[in-house]
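# Observations on the three-dimensional arrangement
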Amino acid sequence: HASSGDKGGYASLGVWCKSPDAYDWLTACLTGERIHAMMGLAAGVRVDAFPLPNVNGQLYVLRGQFGRSGTSNIALDQIGKGLGELLRACVADIPISLL
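Criteria and cut-off values
- Residues numbered from 1 in each chain as written.
- Predicted model: local features only at pLDDT ≥ 70, side-chain atom pairs only at ≥ 80, totals over all residues.
- Heavy atoms only, no water.
- Helix = DSSP H or I, 4+ residues; strand = E, 2+ residues; numbered from the N terminus.
- Contact = heavy atoms within 4.5 Å.
- Core = buried A, V, L, I, M, F, W, Y, C linked by side-chain atoms within 4.5 Å.
- Buried < 20%, exposed > 50% of the residue type's maximum accessible area, 1.4 Å probe, protein only.
- Arc of directions from axis to C-beta.
- Pairing = 2+ DSSP bridges.
- Axes fitted to C-alpha atoms, helices over the stretch in contact; angles between N-to-C directions.
- Salt bridge = Lys/Arg side-chain N within 4 Å of Asp/Glu carboxyl O.

Residue placement: V47 occurs in strand β3 (residues 46-52). V47 sits 15 residues away from G32 along the chain, and the two C-alpha atoms are 4.9 Å apart. Discounting chain neighbours no more than four positions away, the residues touching V47 are G32, I35, H36, L41, Y60, V61 and L62.

See below:
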């Protein structure tokens, strides 16, 4: 599951799983660097990952995604509501046991 939005010039992207096993895969494989590469983010965007083990999730903060603020940029998804769906559309190798 995923949810996203803007926080000033940053985007927030929350991803969470149904099970602790899936959470282990999530934190090991979906690092900030991997999120950056999968989503094709601009070179100036930094992705920080924050674990949320109590909900089997991880919060990613995309620092610099929107310049000064969500509403002041010209990006197609200017307030980041589609970033979660963009990530969910990316291809990733997931163990069959988690599907």
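On we go from here.
The nonpolar side chains of a soluble globular protein tend to be buried with one another. Counting 20 residues, the largest nonpolar core has L26, Y60 and L62 as its most contacted members. Elements with a contribution of two residues or more to this core: β2 (10-16), α1 (20-29), α2 (32-39), β4 (57-63) and α3 (83-88). A per-element tally of this core places α1 first, with four residues.

Where α1 is concerned, the buried positions are A22, Y23, W25 and L26. Along the axis of α1, the buried positions cluster into a sector of 160°, meaning they face one direction only. Summarising the geometry of α1, the exposed residues directed more than 90 degrees from the buried face are P20, D21 and A28. Among the structural elements, β2, β3 and β4 are those in contact with the buried residues of α1.

As a further point, take the sheet that holds β2. Spatially, β1-β2-β4-β3 is the arrangement adopted by the four strands of the open sheet, whose pairing is antiparallel. Looking along the sheet, the strands with just one partner apiece sit at the ends: β1 (2-7) and β3. Along the sheet, successive strands turn relative to each other by an average axial angle of 20°, direction set aside. Docked against the sheet, α1 engages β2, β3 and β4, running at close to 25° with respect to β4. Across the sheet, α2 is in contact with β2, β3 and β4; its angle to β3 comes to roughly 125°.

A few words now on the pattern of salt bridges. Pairs can form between side chains of opposite charge once their charged atoms are near each other. In this structure the tally under the stated criterion is two salt bridges. In this structure, D48 engages R46 in a salt bridge whose closest nitrogen and oxygen atoms are separated by 2.9 Å. Note on D48: relative accessible area 18%, which makes it buried. By relative accessible area, R46 is classed as partly exposed at 48%. One continuous salt-bridge network, built from bridges that share partners, spans R46, D48 and R63.

Moving on to unusual backbone geometry. Residues other than glycine seldom take positive phi values, yet N56 does so here, at roughly 55°. Position of N56 relative to the elements: it lies in the loop between β3 and β4. What makes N56 buried here is its relative accessible area of 15%.

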